Structure formats: C-alpha cells, structure tokens
Amino acid sequence: STDGGRNLSLDSIPMGLPMSDPTAWATAMNNLGMAPMGMTGQPLLPDFDPALGMMTGIPPINPMMPGLGIVPPPIPPDMPAVKEIIHCKSCTLFPPNPHLPPPATRERPPGCKTVFVGGLPENGTEQIIMEVFEQCGEVIAIRKSKKNFCHIRFAEEFMVDKALYLSGYRIRLGSSTDKKDTGRLHVDFAQARDDLYEWECKQRMLAREERHRRRLAEERFHPPSPPPVVHYSDHECSVVAEKLKDDTKFSEAIQTLLTWIERGEVNRRTANNFYSMIQSANSHIRRLINEKAAHEKEMEEAKEKFKLALSGILVQFEQIVAVYHSASKQKAWDHFTKAQRKNISVWCKQAEEIRNIHNDELMGIRREEEMEMSDEEIEDPSEMKETEESALVSQVEALKEENDSLRWQLDAYRNEVELLKQEQGKATRDEDTTKEQQMKLLQQALQGMQKHLLKVQEEYKKREAELEKVKEDKLKVEALLENLKEQESSTSRVCACSQEKECPVEKTLSNSPVKSEREVLLVGIISTFLHVHPFGASIEYICSYLQRLDSKICTAEVEVLMTRLQNTFRQELSGVGASLEKRWKFCGFDGLKMT
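Quantities reported herein were computed from a predicted structural model and do not represent experimental measurements.

Here the focus is the overall build of the protein chain. The helix and strand inventory of the protein chain stands at 17 helices and 10 strands. Sorting the 595 residues of the protein chain into buried and exposed places 29% on the buried side. Here the contacts in the protein chain between residues at least 6 apart in sequence split such that 64% fall between residues at least 24 apart. As displayed, the protein chain has an accessible area near 40700 Å², and 55% of this comes from carbon and sulfur atoms.

Here's what the structure looks like:
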C-alpha cells in the first residue's frame with residue numbers, strides 16, 4: 001500500500017468479497033489512475049498503460065503529492081468523470097450525478113492523513129466503514145460519532161486522495177430501502193493534531209539533515225587549523241634557538257617565540273634564553289637585508305639585459321624599415337605589381353608603428369633612470385630637524401583639528417537631544433522616566449564637552465599669543481645681532497683711524513667678556529635658542545643645537561662664555577636627588593635694566 005499511489009495492491013487486504021460486477025471496480029480504479037486489479041491481485045485490464053493517463057479523462061494522481069501536500073489538479077469541465085456502482089460485502093455505493101459540480105473541499109492541511117466522512121447511514125457501523133475505506137489504504141484509526149459522521153486516519157498521505165474519490169457516492173446497506181440504511185457520503189480533509197505533529201517532526205528532521213549537509217560543506221572549505229605551539233621548556237628553547245639560525249625554519253621558530261612571549265613565559269630564570277633568541281631574530285634582519293640587496297641586484301641586471309635586448313630589436317626594426325623604404329623608391333617600385341606594392345605599403349606602416357612603440361618604451365626606461373639619478377643628486381643626506389617654531393605651528397594645527405572635531409561632536413549631541421525632546425511627547429509614562437535619565441546624561445555630557453571646548457579654545461589662544469611673542473623676540477634678537485655687528489665694525493674703524501687710542505680700546509676689549517665676533521654670534525644664537533625655551537635648557541642640549549651649525553664648537557667653550565656673561569645667562573638647578581639637573585636660562589632683558 002506504499003507504492004506511491006499508482007498501483008493499489010489489494011493482496012494485503014483480507015477480503016474475500018464476491019463481485020457481482022467486476023467491471024465496476026475496474027472502471028473506478030481506472031478513474032483513479034491505477035492499474036485495475038482483481039481481488040486476487042491479477043490485473044483486470046492487461047493492456048492498461050499508466051503513462052497514458054486515465055481513459056475517462058480524470059488526470060492521474062501525481063506520486064509527488066504525499067510529501068508535498070499538493071492537491072490533485074481539477075477535472076476539466078469538458079471531460080465529465082464517469083463513476084460506476086461499487087458493490088461491497090455489506091453495502092452498495094451508487095455514483096453521484098455526473099452533471100453535478102464536484103463536491104467542495106477545504107484547504108488541505110500540511111501532512112494531512114485524516115479525512116472527515118459525513119452523511120453516513122444511521123445504522124452504519126465501524127465494520128461497514130472499515131469495509132468501504134480500507135480499500136483506499138491501511139486505516140490506522142476510526143473515530144465514529146453518534147451523529148452520522150466519523151474521522152478516519154490513514155497510514156500515508158496519498159491514501160487520503162483515494163478516499164476523496166468516494167465523496168458524493170450514495171451508500172445503501174444491503175438491499176434495504178429504509179431511510180436509516182441510506183446516506184450520501186461527503187469526504188473532506190480533516191485537521192488533526194497527530195498529523196500536524198508528524199509533519200512538523202518530518203520537517204524538523206529534513207531541516208536537521210539540511211543543516212548537517214551545509215555544515216559538512218562549510219567544513220570542507222575551511223582552511224586547516226595551524227599546528228599547536230608547544231609549551232616552553234629548556235629543551236624546546238634550545239630547539240627553537242637552533243631553528244632561528246636556519247633560514248628555512250625561521251618563520252616557524254619566530255611564531256613559537258612570539259607565542260611564548262605573549263603567554264608570559266619570560267621571567268628571571270628564562271630572561272637570558274629569551275634575550276639570546278631575540279638576538280638571533282635581530283641577526284636575521286641582516287640576512288634579510290642582504291637577500292633584498294641580492295634581489296635588487298638581480299632586478300637591475302634583468303633591467304639592463306632587457307634594455308640591451310630591446311635596443312637590439314630596435315636596430316633590426318630600423319633595418320627592416322630601411323628595406324621597405326628602399327623598396328618604395330621608384331627604381332625598384334616600378335617593377336612590383338599593384339598587389340605587391342599594396343602589401344609592401346601595409347607592411348611598412350605596421351613595422352613603423354611597432355618600431356615607434358618599442359622606441360617610446362626604451363626612451364621611457366631611460367627617462368626613468370635619469371630621473372632616479374637626478375633625485376639622488378638633489379637629495380640632501382643631512383636633513384635638519386624641525387625648529388621649535390615649526391613644532392608650535394604643528395601644535396596649533398592639531399589644536400585646530402581637535403577644536404573642529406569637538407564642535408562636530410557638540411552638534412551631534414545637540415541633534416540627539418532635539419530628537420529625544422521630539423520623541424518624549426510620543427512615549428508612554430514608563431518610557432518617559434528612562435528618556436528623562438537619558439536627557440540628563442546627555443545634558444551632563446554636553447556640559448562637559450562645552451567646558452572642554454572652552455579650555456581648548458583658551459589653550460589655543462595662549463599658544464597663538466606665545467607664537468606671536470616668539471616671533472617678536474626673534475625679530476628683537478635679529479636686531480640686536482645687527483646692532484652688535486655695527487658696533488664691532490665701528491670699533492674696528494676707530495682702531496684703524498686713531499692709533500693713539502689703540503691701547504685704551506684694547507684694554508676695554510680685553511676687559512669686556514665678549515672677545516671676538518665669533519663669541520658675539522654665539523651669544524646671539526644662544527640667546528635666541530634659550531628665549532624659545534622659557535624653562536631653560538641643559539648645556540648638552542644647547543651644544544647639540546650649535547654643533548649642527550658648526551661641528552667645531554665644544555661644550556667647555558660655550559659654558560665658559562655663558563659663565564662670563566652673568567647678566568645675560570643664568571644657571572639654575574632643578575630636580576631633587578638623582579634627578580638634579582643644571583639648566584641655563586636667558587635673563588638678558590632683566591640684566592639690561594640692571595646694567
């Protein structure tokens with residue numbers, strides 16, 4: 001009974017029914033699209049072909065219907081279904097009027113195996129119902145009511161379609177004409193919880209199988225997991241240290257070293273071992289640089305080889321083009337036919353185009369080499385570091401960017417507050433309390449952002465004022481340097497004109513703390529440097545700045561010069577204990593008032 005609804009095998013049905021009209025069953029089964037079978041299992045119509053459909057016009061039942069719950073296609077109106085009388089042991093089934101419309105049915109529930117049967121005779125029993133409907137398939141249960149209807153549950157879904165065929169038949173028990181022994185069958189789909197539960201279980205099973213197949217397919221495409229990293233030990237440490245020295249195993253060893261360090265394997269006992277491994281990793285850098293240099297050399301050689309080959313190809317192209325041009329001259333051109341001249345012209349144009357392309361490529365390579373050479377000549381090997389003024393300018397730019405970002409954040413917070421205010425009227429009372437808390441938090445955040453914005457603006461103004469002050473001081477120092485140069489030139493002219501006053505001038509020069517023009521320039525430069533460092537600077541920092549201008553300047557010379565000029569430079573001590581530091585500050589403006 002599970003062969004898909006095509007062939008209804010009646011061998012398994014324990015029925016020894018006498019059949020008064022054997023052609024009636026054959027016609028009914030043929031209308032269902034099944035091969036007509038007798039009670040003994042022998043075919044009643046040996047020449048029946050299921051592929052041809054039904055002889056009476058009813059389309060055959062689709063075998064895919066049981067699993068998908070598909071209702072059979074409707075019967076075309078121009079093809080009336082012929083139903084015959086069906087004789088059973090205890091009753092007889094009379095077909096309905098073929099001109100009447102087919103009986104209406106409800107929508108088929110998913111996984112339906114239960115049918116509703118109404119219009120039963122009042123004297124009908126479960127045995128008679130079983131006798132009629134077990135021919136459609138295996139019956140699991142019958143629930144009969146006292147009001148002439150029952151529910152029948154079959155073993156498979158396709159059996160329900162066979163039972164629906166009997167809808168509209170009039171049933172008569174035996175040969176009685178009593179009203180209680182007759183009735184009109186109405187078969188329809190029934191909605192049962194057992195059917196729905198089994199269908200849901202089947203769907204869940206199919207979903208599980210689909211997920212399992214999908215998971216297997218995904219695991220098939222997953223990359224293999226990396227090998228596990230061994231735990232640290234002295235033996236493994238020595239093995240990794242040896243691998244770090246081998247170029248072929250370096251990648252694996254460096255990954256193990258990284259994992260050990262991230263795990264926290266470094267302690268006082270293992271620090272020396274880890275230091276030696278890190279040192280080996282550092283030495284690998286030199287090997288990498290050498291390898292890179294070798295590859296660069298190979299690339300340069302390949303470029304040179306390509307350039308030579310390209311130039312040779314261009315020479316041959318020039319020779320071929322020269323042959324075409326010589327052949328185009330009148331002395332040889334007149335002896336060629338028209339077709340030959342056309343071919344020679346086409347070949348000449350093609351050769352010239354290819355030659356021009358290769359020539360442009362070669363010229364591009366040479367231009368690139370010339371540009372690289374010019375870039376190397378223009379590059380200055382010793383780049384000057386940024387001055388303090390440029391550092392202040394970059395800080396001002398950073399503050400500007402921070403100020404803009406804070407303004408944007410402030411606008412975003414304001415927009416959020418406005419949105420919350422608009423939504424506050426629409427929300428319920430419970431939501432109002434939470435939104436009030438959000439409003440308070442946002443207002444607090446807004447106030448904090450405003451305060452921070454004000455601080456940033458104040459700091460921005462201070463930095464701008466400081467930058468202006470530095471520029472003004474720089475101009476003053478430059479003016480001071482020019483005055484000093486003018487004074488020195490005037491003193492030299494006085495010395496040359498009046499020899500009598502030479503001795504007093506020498507005495508004054510010998511008595512002054514600044515003894516030469518070099519020292520005057522040093523004083524001016526140091527004053528400018530210290531003026532942009534209001535908190536002072538150490539003698540080493542000052543000398544490192546001066547040695548960029550002149551590498552011959554020494555620390556002792558600068559310190560002696562600054563010690564002599566007590567009204568211009570002042571030395572102060574800062575810090576406590578081990579952090580004690582000597583700093584020099586510029587005090588020329590105060591010393592000018594004192595002198």
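Glancing now at the sheet that holds strand E4 (residues 139-144). Strand order in this open sheet of 4 strands is E4-E5-E3-E8, and the pairing throughout is antiparallel. Every other strand in the sheet has two partners, leaving E4 and strand E8 (186-189) as the edge strands with one partner each. Averaged over all pairs of adjacent strands, the angle between strand axes in this sheet comes to 20 degrees, irrespective of strand direction. Pairing of E4 with strand E5 (residues 149-154) involves 5 bridges; the strand directions are antiparallel. Bridge pairing in E5 places Val 139 opposite Phe 154. Sheet strands in contact with helix H3 (residues 126-133) are strand E3 (114-118), E4, E5 and E8, and its direction is about 140 degrees off that of E4.

A few words now on the UniProt feature "coiled-coil region" (unreviewed entry) in the protein chain. Following the UniProt record, the feature "coiled-coil region" (unreviewed entry) maps to residues 278-305 and 396-490 here. With 100% helix and 0% strand, residues 278-305 has its two end C-alpha atoms placed 41 Å apart.

Here the focus is the confidence of the model for the protein chain. Taken as a whole, the protein chain shows an average pLDDT of 78; of its residues, 78% reach a score of 70 or greater. Residue range residues 1-22 is modelled with pLDDT below 50. Its contacts to residues more than four positions away, or to other chains, number 45 contacts.

Here we come to the nonpolar core. Nonpolar side chains in soluble globular proteins generally cluster together in the buried interior. Of all hydrophobic cores here, the largest spans 32 residues; its most connected members are Leu 93, Val 115, Val 117, Phe 133, Ile 152, Phe 154 and Leu 166. The set of elements that each furnish at least two residues to this core consists of strand E2 (91-94), E3, H3, E4, E5, helix H4 (158-164), strand E6 (170-173) and E8. Here this core gets 5 residues from one element, more than from any other, and that element is H4. Apart from the residues lying within four places of it in its own chain, the contact partners of Phe 133 are Val 117, Val 139, Ile 152, Phe 154, Ala 163, Leu 166 and Val 187.

Between helix H7 (residues 250-263) and helix H8 (residues 271-328), the least distance of the axes is 11 Å, while the angle of their chain directions is 140 degrees. One finds that H7 runs oblique with respect to H8. The chirality of how H7 crosses H8 is left-handed. Residues Phe 250, Ile 254, Leu 257, Trp 260 and Ile 261 of H7 form the contact with H8, whose participating residues are Phe 274, Met 277, Ile 278, Ala 281, His 284 and Arg 287.

A few words on unusual backbone geometry. One non-glycine residue, Asn 148, adopts positive backbone phi at about 65 degrees. Overall, Asn 148 belongs to the partly exposed group, its relative accessible area being 25%.

Now for the packing of aromatic side chains. Within this structure, the stated rule accounts for 8 aromatic pairs. An angle of 80 degrees between the planes, with centres 5.2 Å apart, marks the rings of Phe 529 and Tyr 541 as edge-to-face. Highlighted residues: Phe 529 in helix H14 (residues 517-531) and Tyr 541 in helix H15 (residues 539-549), separated in sequence by 12 residues. Phe 529 sits in the buried class, given a relative accessible area of 8%. A ring pair is formed by Phe 586 and Phe 589, whose centres lie 5.5 Å apart and whose planes are at 85 degrees; its orientation type is edge-to-face. Among the aromatic residues, those joined into a cluster by ring pairs are Tyr 232, Trp 260 and Phe 274.

So, about the sheet that holds E6. Read across the sheet, 4 strands follow the order E1-E2-E6-E7 without closing on themselves; strand pairing throughout is antiparallel. Edge positions in the sheet fall to strand E1 (86-87) and strand E7 (182-184), since each of these pairs with one other strand and no more. Both E2 and E6 contribute to a ladder of 4 bridges, which runs antiparallel. Bridging across to E6, Leu 93 finds its partner in Ile 171. Packing of H3 onto the sheet brings it into contact with E2 and E6, and relative to E2 it is tilted by some 50 degrees.

Conventions we followed
- Residues numbered from 1 in each chain as written.
- Predicted model: local features only at pLDDT ≥ 70, side-chain atom pairs only at ≥ 80, totals over all residues.
- Heavy atoms only, no water.
- Helix = DSSP H or I, 4+ residues; strand = E, 2+ residues; numbered from the N terminus.
- Buried < 20%, exposed > 50% of the residue type's maximum accessible area, 1.4 Å probe, protein only.
- Contact = heavy atoms within 4.5 Å.
- Areas by Shrake-Rupley, 256 points an atom, 1.4 Å probe, with all protein chains shown as cover.
- Pairing = 2+ DSSP bridges.
- Axes fitted to C-alpha atoms, helices over the stretch in contact; angles between N-to-C directions.
- UniProt positions renumbered as here; feature names shortened; annotations may be inferred.
- pLDDT = per-residue confidence, 0-100.
- Core = buried A, V, L, I, M, F, W, Y, C linked by side-chain atoms within 4.5 Å.
- Parallel < 35°, antiparallel > 145°, perpendicular 65-115°, else oblique.
- Left-handed = near helix turned anticlockwise from the far one by under 90°.
- Phe/Tyr/Trp six-rings, centres within 6.5 Å; stacked < 30°, edge-to-face > 60°.

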